[in-house]
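Listed below are the residues making up each chain.
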Amino acid sequence: MSLLGNLVSQVARSAIDPEDAQSNPINQRITPRRTGGLGDILGGVLTGSRNQPRDYNPQQYDRQPDNGFGLDDILGGLVGGNKQGNASTGSGGLGDILGSVLGGQRNSSGFGGKGMLVAALMPMVLSWIQRNGGLSGALSKITDMGYDNQARSWMSNHELNDNLNPNEVNRLFDENEIQQVAANTGANDMEVRQGLAELLPEVMNQLTPHGNLDNETEANQEIDQIISQLSSRLGTLQ
């Protein structure tokens, strides 16, 4: 069963939406701000527009089997219907989805919209959690940096996320990584920072469905699996 399935699959669907670049364009001038809930960039990706509503509820923690997210259906939406890497639903996972989406973007001309930006930020956020000792280690680091009240809101089942200040995300994430994502996606660095400030809290929210660390072992295993699948798929696509 997956903790991040709904979040990853919705981001992937937005990323491969052929209209995302027009309806949710990147490289727009934004005013960076500390947001609540899903925020500006992540909210736009997960809730869609009036004409293209998306089904995502941050307080919904219904888990599904890892292979139950319609991998073939998602990959079939890639440009030209080219299912990169010859994935199949039976063997597919969340890392396969992300890897195929990002590999498809890398092999195409031009950039996508903010859905593709968030898809590119997902491995960055998961790797940061992994590098900092998994779920509990990452939360400890965040609270030690003075974000304890915000971290509590991310774990809560009833509060909206109190997101990070995008002007402070370089306290957690490497500046070179931020610039690399900006270059790869065509987004400006403030959009990258705003996206990170909103995505990390929502990932933490989904990894703690009971408002505590009871699922820590499962969460860390899922992160490891996604990163492993992602690395393998992107390597195959090189």
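Residues numbered from 1 in each chain as written. Predicted model: local features only at pLDDT ≥ 70, side-chain atom pairs only at ≥ 80, totals over all residues. Heavy atoms only, no water.

Rolled over the atoms, a probe as big as a water molecule pinpoints where empty space is left. All chains considered together, the criterion is met by 1 cavity of 30 Å³ or more. Size it by volume and the largest cavity reaches roughly 30 Å³. The wall of the largest cavity is formed by Gly 37, Leu 38, Pro 58, Gln 59, Leu 160, Asn 161, Glu 202 and Asn 205. Split into classes, the residues belonging to the lining of the largest cavity amount to 3 nonpolar, 4 polar and 1 charged. (1 Å grid on protein atoms, 1.4 Å probe; cavity = no way out; pocket = protein on both sides within 12 Å on 5 of 7 lines; lining within 4 Å. Points joined across faces, edges and corners; volume = space filled by probe spheres on them. Nonpolar A, V, L, I, M, F, W, Y, C, P; charged D, E, K, R; others polar.)

Its location among the elements puts Glu 19 in the loop between helix 1 (5-15) and helix 2 (20-23). A relative accessible area of 46% places Glu 19 in the partly exposed class. When the C-alpha positions of Glu 19 and Gly 113 are compared, they lie 8.3 Å apart, and in sequence the two are 94 residues distant. (Helix = DSSP H or I, 4+ residues; strand = E, 2+ residues; numbered from the N terminus. Buried < 20%, exposed > 50% of the residue type's maximum accessible area, 1.4 Å probe, protein only.)

Here we take up the pattern of salt bridges. Pairing is possible between side chains of opposite charge, provided their charged atoms come close. Within this structure, the stated rule accounts for 7 salt bridges. Asp 40 is the partner of Arg 33 in a salt bridge, and the nearest nitrogen-oxygen pair spans 2.7 Å. The class for Asp 40 is partly exposed, based on a relative accessible area of 35%. Salt-bridge contacts for Arg 34 lead to Asp 162; the nearest nitrogen and oxygen are separated by 2.8 Å. Residue Arg 34 is located in the loop between helix 2 and helix 3 (41-47), and its partner Asp 162 is located in the loop between helix 7 (134-155) and helix 8 (175-185); the two are separated by 128 residues in the primary sequence. (Salt bridge = Lys/Arg side-chain N within 4 Å of Asp/Glu carboxyl O.)

As a further point, take the packing of helix 1 against helix 6 (residues 114-131). Between two packed helices, what matters for the description is the angle formed by their axes and the separation of those axes. Remark: helix 1 packs on helix 6, axes separated minimally by 7 Å, with the N-to-C direction vectors making an angle of 140°. With respect to each other, helix 1 and helix 6 are oriented oblique. In this structure, helix 1 meets helix 6 at a crossing whose hand is left-handed. Residue-level contacts link Leu 7, Val 8, Val 11, Ser 14 and Ala 15 of helix 1 to Gly 115, Met 116, Val 118, Ala 119 and Met 122 of helix 6. (Axes fitted to C-alpha atoms, helices over the stretch in contact; angles between N-to-C directions. Parallel < 35°, antiparallel > 145°, perpendicular 65-115°, else oblique. Left-handed = near helix turned anticlockwise from the far one by under 90°. Contact = heavy atoms within 4.5 Å.)

This brings us to the layout of surface pockets. Roughly 470 Å³ of internal volume is contained in the largest pocket. Around the largest pocket sit 17 residues that line it, and Leu 102, Ala 120, Pro 123, Asn 184 and Leu 234 are the ones nearest its centre. For the lining of the largest pocket, the elements supplying multiple residues, two or more each, are helix 5 (94-106), helix 6, helix 8 and helix 10 (216-237). Per-element tally for the lining of the largest pocket: the top contributor is helix 8, with 5 residues.

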